[in-house]
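Structural description and commentary
One letter stands for each residue in the lines below.
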Amino acid sequence: MKKKLRIILVWILVSLILQFGGYSLLESQFQKIMGPLAGDSKPITSQLQATIPGSNLTNIQVSYAKDYLAYSENGILKIFNLKKGNVVFEKKSPTASDQTLGVLTYQWLPDRNILLYFYAKKNPNALTTVKVYPSKPKISAPSIVPKTEDPNQAQIVTKEVPVEPKLEKRYGSPQITELYSLELPNSDEDTVPDDQLHPFDPPSGNEEISAGGKIEKFVVSTTTNLTYLTVMKGTTQQLMKIDIMKKVSTLNKPRELIDNMAVSERYGTLYIDSKVGAVQQVVAIQYVDALKNDKRLVISKNSNDRILGIRNGKVYIGEVENNDLVKIKTTDDLQVVKDNPTLKTEWEGAIPFNKNVRALIGVNGQIVIYDQQTAYIVTDGHLADVKLHGDGNYVSDDGAELIQLTNEGASTLVELQPLKL
């Protein structure tokens, strides 16, 4: 009896070990598929130089692994392998005569070497002709038809007369805008980048975005697969959302203008600088689910407050007075957002803050405010500055890498180095 009991206990122990190993393997594979959560891992840094055969480069963005550089040159999106020193991808406009077509804007994902970009081309069905039938059928003139030989029993009869439909012209957007993802291989490999189109559902979504006009900026939450973008046409701005099913919806209020926005990497909540008339607020738009309307909540009613960014469970808000950042405040990035949360002051002082500066939150919680001459860095409530020396200077979205560009005639020298005080 004791021997049988011992055998049973051994098999139970073996079964538990196998189950634990299986669960660990499954979790490991799941993490590989999902990728690391933005902000939960240490940033990759690099120190190297490369020469790009081109000048007048714009919209410089370095990849998550700091081995690829995305930039625009004469309206062409190019991806440069910084380690091998060559261009590995180009996306040209469908026509050289129309500067509004081609790649409109792009952005690296924060946790993997994938670039998202919007591409515009002419709409082949901008003008369509449809048949329009009258809402009521045409009736013939009444006629008298005898029911029998007795004329007193005649009846009045009307008939529907066939009517040819009218042909009407319907005008759609003159262009369509599509969403692509470009996945880059390891920079040591020679594999061709994987360029994939992500169709909208319904397909009219691409015309919806195009009808708005110019895409100003967009943000992506990789954990929820939600993409938000602002589109400007004349003086009217639209805030649009693309959900996981690639369905396009509009979220803004009438006459609302959005100067800046940031999205929670954990919950997909969008935080915006909202201005409706004279009312300026920091507002959160919380995603509920695909079947319900998104929920709006006020984060700050202070008209001087501006959203700076979100990182590692904190929402960063800056108070701006007379083009100076005078205070940095935070509140928790919660799964269920509340109206008018308590804001904790993290720093007070004065940093130049105008339309020429960029602001970001680094993975270590440092706040980086920079222009082409100086990077101001607030870490744990202390301010320091770094002088920048390139003809063009950029900081990676994780706040860890400084990218300096120097013009060398028909080429551009790119220097990457960790951003340190």
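The text that follows walks through the structure, step by step, so that each part is easy to find. (Residues numbered from 1 in each chain as written. Predicted model: local features only at pLDDT ≥ 70, side-chain atom pairs only at ≥ 80, totals over all residues. Heavy atoms only, no water.)

Concerning the overall build of the protein chain
Secondary structure assignment for the protein chain yields 2 helices and 34 strands. When burial is assessed residue by residue, the protein chain has 42% of its 421 residues classed as buried. The contacts in the protein chain between residues at least 6 apart in sequence include a share of 47% that link residues at least 24 apart. For the protein chain, the accessible area works out to roughly 24100 Å², and carbon and sulfur atoms hold 52% of it. (Helix = DSSP H or I, 4+ residues; strand = E, 2+ residues; numbered from the N terminus. Buried < 20%, exposed > 50% of the residue type's maximum accessible area, 1.4 Å probe, protein only. Contact = heavy atoms within 4.5 Å. Areas by Shrake-Rupley, 256 points an atom, 1.4 Å probe, with all protein chains shown as cover.)

Description of the nonpolar core
One finds Ile60, Leu69, Leu82, Ile403 and Val414 to be the most contacted residues of the largest nonpolar core, which totals 25 residues. Mapped by element, the contributors of at least two residues to this core are strand E1 (48-52), strand E2 (58-62), strand E3 (68-73), strand E29 (367-370), strand E30 (374-379), strand E32 (392-395), strand E33 (401-408) and strand E34 (411-418). (Core = buried A, V, L, I, M, F, W, Y, C linked by side-chain atoms within 4.5 Å.)

Quick word on the environment of Ala410
As for its placement among the helices and strands, Ala410 is situated in the loop between E33 and E34. Judged by its relative accessible area of 64%, Ala410 is exposed. Each C-alpha atom, one on Ala410 and one on Asn56, is 9.0 Å from the other, the two residues being 354 residues apart in sequence. Residues in contact with Ala410, not counting those within four places in the same chain, are Pro53, Gly54 and Ser55.

Observations concerning the environment of Val279
Checked against the element boundaries, Val279 lands in strand E22 (residues 279-286). For Val279, a relative accessible area of 47% corresponds to the partly exposed category.

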